[in-house]
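This is what each chain is made of:
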Amino acid sequence: MDLRTTYLGLDLRTPLVVSASPLSEEIDHIRRMEDAGAAAVVLYSLFEEQISRETLELHHHLTTGTESFAEALTYFPEPGEFRLGPDGYLEHIRRARAAVDIPVIASLNGSSAGGWTDHARLIEQAGASALELNIYNIPTDDQLTGAAVEQNCLDILERVRAAVAIPVAVKLSPYFSNMANMARRFDAAGADGLVLFNRFYQPDINLENLEVQPHIILSAPMALRLPLRWIAILYGRVRASLAGTSGIHTAQDVLKMVMAGAAVTQLCSTLYRHGIEYLATIEREMVDWMTTNEYESLGQMRGSMSQINCPDPTQFERAQYIRSLHSFKAGSWRV
Amino acid sequence: MKRALKTIDGNEAVAHVAYRVNEVICIYPITPSSPMGEFADGWSSERVANIWGTVPAVVEMQSEGGAAGAVHGALQTGALTTTFTASQGLLLMIPNMYKIAGELTPAVFHVAARALAAQGLSIFGDHSDVMATRATGWAMLCASSVQEAMDMALVAQAATLQSRIPFINFFDGFRTSHEVMKVEMLTEDDMRSMLDPDLIEAHRQRALSPDHPVLRGTAQNPDVYFQGRETVNRFYENCPGITQQLLDKLAGQVGRQYRLFEYYGAPDAERVIVLMGSGAETAQETIEALTAAGEKVGMVKVRLYRPFDVRRFVESLPATVRRIAVLDRTKEPGAAGEPLYLDVVAALAEGVTNGWGRFSRLPGVIGGRYGLASKEFTPAMVKGIFDHLRGEELKNHFTIGIDDDVTFRSLDYDPTFSTERPEVVRALFYGLGADGTVGANKNSIKIIGENTDNYAQGYFVYDSKKSGAITVSHLRFGPQQIHSTYLISEANFVACHQPIFLERYDMVSPLVEGGTFLLNTPLGPDAVWDRLPRAMQETLIDRRIRFYVIDASGVARQVGMAGRINTIMQVCFFALSGVLPRTAAIEQIKNSIIKTYRKKGDEVVAMNLRAVDGTLDNLFEVAVPEQAQGAIAQPPPVPAAAPDFVRRVLGPMIAGHGDSLPVSALPVDGTFPTATACWEKRNLALEIPAWDPDVCIQCGKCAMVCPHGVIRIKVYDEGRLNGAPESFKTTGSKDREWAGLNYTIQVAPEDCTGCAICVDVCPAKNKSQPRFKALNMVPQPPVREQERANWDFFLTLPEHDRRDLKTGSIRQQQIQQPLFEFSGACSGCGETPYIKLATQLFGDRMLIANATGCSSIYGGNLPTTPYTVNAEGRGPAWANSLFEDNAEFGLGYRISLDKQIEFARQLVQRLAGVIGEELAAGLLGAAQGDEADLYEQRERVAILKERLAPLDSPEARQLRVLADLLVRKSVWIIGGDGWAYDIGFGGLDHVLASGRNVNILVLDTEVYSNTGGQMSKSTPRAAVAKFAAGGKPGGKKDLGMIAMSYGHVYVASVALGARDEHTLKAFLEAEAYDGPSLIIAYSHCIAHGIDMSAGLQSQKAAVDAGQWLLYRYHPEREARGENPLQLDSRSPKIPLEDFMYRENRFKMLTKSHPDDARRMLQEAQRAVQSRWRFYEFMATRQPAGPLPAGGGVPDSTSAPAQDPETRME
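Residues numbered from 1 in each chain as written. Chains lettered and ligands numbered in written order. Predicted model: local features only at pLDDT ≥ 70, side-chain atom pairs only at ≥ 80, totals over all residues. Heavy atoms only, no water.

1. Brief notes about the pattern of salt bridges
All names here are of chain B.
In step 1: Tallied over the entire structure, the rule returns 92 salt bridges over all chains.
In step 2: In this structure, the salt-bridge partner of Lys 296 is Asp 268, at a minimum N-O distance of 3.7 Å. Of this pair, Lys 296 sits in the loop between helix H11 (279-292) and strand E11 (297-302) while Asp 268 sits in the loop between strand E9 (261-265) and strand E10 (271-275), and the two are 28 residues apart along the sequence.
In step 3: Look at Lys 296 and you get partly exposed, because its relative accessible area is 36%.
In step 4: The class for Asp 268 is partly exposed, based on a relative accessible area of 33%.
In step 5: For Arg 802, the salt bridge goes to Glu 931, with nearest N and O atoms at 3.0 Å. One end of the pair, Arg 802, is in the loop between helix H25 (780-796) and helix H26 (810-813); the other, Glu 931, is in helix H32 (residues 931-948), and 129 residues separate them in sequence. (Salt bridge = Lys/Arg side-chain N within 4 Å of Asp/Glu carboxyl O. Helix = DSSP H or I, 4+ residues; strand = E, 2+ residues; numbered from the N terminus. Buried < 20%, exposed > 50% of the residue type's maximum accessible area, 1.4 Å probe, protein only.)

2. What about the confidence of the model for chain A?
All names here are of chain A.
In step 1: Of the residues in chain A, 94% have a pLDDT of 70 or more, and the chain-wide mean is 89.
In step 2: Per-residue pLDDT, averaged within each element of chain A, yields its smallest value for strand E10 (residues 211-215) (82) and its largest for strand E3 (residues 16-18) (98).
In step 3: Overall, residues 319-335 carries pLDDT values under 50, and its contacts beyond four positions in sequence, including any with other chains, amount to 30 contacts. (pLDDT = per-residue confidence, 0-100. Contact = heavy atoms within 4.5 Å.)

3. Describing the pairing of strand E6 (residues 130-134) of chain A
All names here are of chain A.
In step 1: The buried count for E6 comes to five of five residues, which makes it a mostly enclosed element.
In step 2: Neither face of E6 is exposed, since Ala 130, Glu 132 and Asn 134 on one face and Leu 131 and Leu 133 on the opposite face are all buried.
In step 3: One crossover worth recording links strand E5 (residues 104-109) to the parallel E6 by way of helix H4 (residues 113-125), and it is right-handed. (Right-handed = clockwise from strand over helix to strand, strands pointing away.)

4. Examining a nonpolar patch on the surface
Residue and element names in this part refer to chain A.
In step 1: A contiguous nonpolar surface patch, about 360 Å² in accessible area, is contributed by Ile 205, Leu 207 and Val 212.
In step 2: Tracing the backbone shows Ile 205 in strand E9 (residues 202-206).
In step 3: A relative accessible area of 56% means that Ile 205 is categorised as exposed. (Patch = residues over 30% accessible without salt bridge, like charges linked within 9 Å, V, L, I, M, F, W, Y side chains within 5 Å. Areas by Shrake-Rupley, 256 points an atom, 1.4 Å probe, with all protein chains shown as cover.)

5. Description of the packing of helix H3 (residues 64-76) of chain B against helix H4 (residues 87-102) of chain B
Residue and element names in this part refer to chain B.
In step 1: It is at 7 Å that the axes of H3 and H4 come closest, and there the two elements cross at 25 degrees. One finds that H3 runs roughly parallel with respect to H4. The crossing of H3 and H4 is right-handed. Two secondary-structure elements touch here, H3 through Glu 64, Gly 65, Ala 67, Ala 68, Gly 69, Val 71, His 72 and Leu 75 and H4 through Gly 89, Leu 92, Met 93, Asn 96, Lys 99 and Ile 100.
In step 2: In the contact of H3 with H4, the residues fall into seven nonpolar, five polar and two charged. (Axes fitted to C-alpha atoms, helices over the stretch in contact; angles between N-to-C directions. Parallel < 35°, antiparallel > 145°, perpendicular 65-115°, else oblique. Left-handed = near helix turned anticlockwise from the far one by under 90°. Nonpolar A, V, L, I, M, F, W, Y, C, P; charged D, E, K, R; others polar.)

6. Some words on the interface of chain B and chain A
In step 1: Listed as interface residues are 53 residues of chain B and, on the opposing side, 35 residues of chain A.
In step 2: With both sides pooled, the region where chain B packs onto chain A buries about 4,000 Å², and carbon together with sulfur makes up 59% of that total.
In step 3: Of all residues in chain B, the largest losses of buried area upon contact with chain A belong to Lys 599, Lys 600 and Lys 1151 of chain B, amounting jointly to 19% of the total for that side.
In step 4: Our count for the contact surface shared by chain B and chain A stands at eight salt bridges.
In step 5: Note that Glu 211 of chain A and Lys 765 of chain B form a salt bridge whose closest N and O atoms lie 3.5 Å from each other.
In step 6: Taken together, the connections running from chain B to chain A amount to 16 residue pairs in polar contact (both at pLDDT 80 or more). (Buried area = accessible area lost by both parts, 1.4 Å probe. Polar contact = N/O pair within 3.5 Å; in protein donor to acceptor, adjacent residues only side chain to side chain.)

7. Structural notes on the sheet that holds strand E37 (residues 1125-1127) of chain B
Residues and elements named next belong to chain B.
In step 1: A sheet is described by the order of its strands in space; here eight strands give the open sequence E29-E28-E30-E31-E35-E34-E36-E37, paired in mixed fashion. The open sheet terminates on both sides in strands that have one partner only, identified here as strand E29 (877-879) and E37. Neighbouring strand axes in the sheet, compared pairwise and without regard to direction, differ in orientation by 15 degrees on average.
In step 2: Looking at chain direction, strand E28 (residues 846-850) and E29 are connected through three bridges and run parallel. Opposite Ala 849, over in E29, you have Ala 879 as the bridge partner. (Pairing = 2+ DSSP bridges.)

Right, dumping it as structure tokens:
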């Protein structure tokens, strides 16, 4: 069965891409992803803010309590050099590239103008096959207009686009007033791909100790509907290739996404639930379904159920709300 | 040849050479030598090679005794080997030093010379330690400055190889080891040129080898030992000549000419002093000034003290000398004189006899002591000695620098005499430990030293407290070499980096006319004047001081540096002092920031650069008025209500005037009163906790965890509230057993350090605004007066009757009065809550043997001690012997008490007829199990004393003295992991084996905390520590398991932050157990690199990850047929990395050695699982039944695991 696809200009064997998550922190995991049939892997995100925070934290701990007591002028040895900044991440890219043949897509979340471009350049130099921009923030400033938020996102893309030659994808938030318009503007600004959608970690309230806690919630199958709609709407309208992410758990989900118009699907929660090797199951079930239903290639179905091709385009425009999130105990995850 | 100029301290200067000319370095931490070992370990972990291109092996040993043994072995097998030490550490090396010298083995020990513990311990510099080794047969080479210390390190190495006599290269602790000076660095070529490869080869050829075997260390009999001892004489005769040749060779190489005995002064001097070490620098400076004024004075600097070259010494003196004063920086009580004095007297006698030297008549010689434990030695004192030498009557065995009003041996001198040169910039900086002042000053010295032709010197005086400590930096810059090895008393620049010091210290009196005073204050230039103490205003006006202010803390906050005002104050110093042109200075500061912080990341650099840019706009000159009009007076250091000794002796020490105390003020035997910390109100905290009675659930956890004993709880009758201040908070008790009583949690506002651990642990939240708890931090200054009154009132409330308390319940137990309060431990210390708990439970009958370390410093560092007494005057009796012997020391308590108790009981029996049979039976049969029993026994003892009072028989008199021992005493042996796991382990093991009833509390911080975080055998795998800069590769020693293997030892592993009730239970069980008990208490520490306000969370995470197990091993359970081991923590429930990467000690390895960090994490995780499984297996064994009376081993069968929560009894 021909499952080939093209995403960000990269020729991929299948549309099964592992999305950015802590799963890719281990090189061994990345090898297992390739072995299980992943067509590409998006590495966990490099958070510039986290690097800055860690740097300041290290400095803080190395200086706390120093030079105040005659017997203990310091409390830690100070090595000649620290490997701070993105060094560890860049090294990870290099090691991942050396370990597998599939494309390795880096993911970047900057917090400063310089950070976005500088880190993007370094990521390119480290050998990443492509770069996914994870423009992840929740605007809480009530003086900030929606237009300014939109412009900021576009500015970031433009700066990074100017800085690197490798393909650049943008992972979007669904919270734009007009998603279609934003997608078009990202497209115009040079995005090679649009990843729909970023899932934000949602805070939860712990009733026992009255604390707000971030909860890592694995995506539920229904989460698929939101990106499905927008991929279906955008298919054929933008040049950038489209990646679906959120709620893609089964072979059927992948097929639906491709029919909506996705070049690739990005998977994560389902691998936490069933293990990395579940990729092979998904692929096998896709092939089974396609065989049963007499498809010869994925190309045949790509965009077949998009708004421009489907029998009833209005279906994609009706408003509805999907709430079907579940929480999972850490112990129920399998890697 | 141009050599690099660097500004470094003496320790680095010596380590620079020692590291490069050795192959094996055996180390052990001891102040002030530890940094030499730290440098060596750091360089070794960074693979820095020695001059032969190989990286020295740096090995930490378990004690200095161990280090010396390892050095001996390494030397015997041919490696070039060294070690670094001081003080007690050097004493522990003495046995091996005799061996190494006896075997004529080339080696150098580098010693930062320090005082020895006698009537008290001191970490400061003098020659007591090296003098105690002068009989070992080691050559002793002394350096008097940082440059010399480096040069002598090389000469010693060359000389030992050539002479085969081992060398001590020593220099004054702190004054030289920690003084930062601009020095010329010896190059590796310099080192190579001084060390003859043939001699190294000869050393190797003498090494033990099975290829050409020999025998050493024979036992020799009366027939030959003596002759054998005399075989070495030629080597000692040759050693001085060899050393001088090498000094000459060094002079040829680097241009600095040194002599074994170096004369300096008038060629026709009549009065001469002889001394060695840093004091010689001050003496030289003074002689320069005196001879310029026409005085005929001079000095002999002693460089090679052993072997003492009599002829060279005598020949160094001018023919004109009539009187000599020999100065020793040590005391040898009962001797005919101190060592150098005796050597000089003997040398002169021998010299005259042999016709050596240039004088025909024996000069008059007196000896004197100076500078013990870094006591100041100033030009004024030197002049005082010379003046004395001119007098009619000479005072032999004099002292200088103190006021001896008991035996009148001290010489008078004029303290106003000064040799400070006007061209030298002298600056004083008063900073708080945490604010970066010292670091900034070291940086300023580097900038000036390395970017100008100026010479630079920095010396730093630290507080004796670990929290809220003041630092005073003394900086000199000048066009000529600086020989001033004494503190600055006449400054032309003074900076106060913390406004709180205005209340405490007179900082402006050292300022010279027209000097500059810089104050960090939030008050602007218009508001500040009225807030200055009047005396300070007067000084500023009278001396026409230029006065500047900056809100450095405000600028720091703006740039995100919270509290670190170092860079800001540094910019101000350069802007005002004029040492460098302002713009050039700022450029240099910026360069230095980039250089210093680059490795720590762009953010840190940017933050500091922002601080530089934000500074000058906020620096203002204050218009000083014509007249002082302030009403503020500096408060006395202790209140008038304090006891006489506290006011008279401790008060001046608190105020920083301890130097002025005369000999008569001090106890003759080192005995000091307890209950003194309460008089030292330090007002450290910017914020203190405020209690909200409406939210409080009265659990008592806040009081339990408070490291400083400042949160107190009392339960009392409402009627006691008469006279309470209006703001005093009270509420009804929630405990059913205390129904109708009132309940108050009160904070000691002036003693709190603001660590906020209490707030972190408080489980009660305000239901409407959960960001508030039952304790919330509020700014201290606005509530200080009010809360001081509340605290004073609180203290008048009675303590609850101890007999009525359920000590197993934290809520009730925590109203017991702590007899350990307001220590100077680090804010948020993880150790002190355990000690405090022990004093609450047992303090009124407790004797403590305390190992040297953090707990002996915050427990016994003058001026005040946190150990205190209850209303009856009872409280812990405390003593510190040494570091290595603490278990044995405590065992000595027990043996002695047991013996005396036995005797007291015999006397009771013998006197039963006189004191009453019923009383005697009561005294002898008392259970003494709980507080009620103890109370009754104390009542009986009181009656006994009454009945004995009129009796005059010898037995009655003896029993009167011993009567109090009839009340059960609790012996506690307390120390840290460095003691228990390493240096004191042999003794600890022996004490455990003894079966005696002692309680051993190991405050396990997993590093040598007191000396700055060096690795111990308790340090966990993957942790970065000093001496383990690359992460500790091996696992932590399981001390508890070793102790359990005896079977008769009660062992508990506790972590207060994980389960406080478990800790309480363990303390009660351990004390009640009639045999040895060992409590290993997880103590978070500043050396872990954690947020100290959340230290208890780290403890919990350690337990949740299985890194730290909670368990109790009770031998009595086995006798009852139960498994003696109870595992009280659950199986690991979080990944180890979730615990480890909360803490910098683990996390920094991921930044310095990421690959090693990954590997070690995996190894550590496996080890955690393996250890858990083992303990689980051991704890779930089901003994077949009670042990038979005569002993025997019951069968074990395995049983299913119980839930540890339910297994707690």
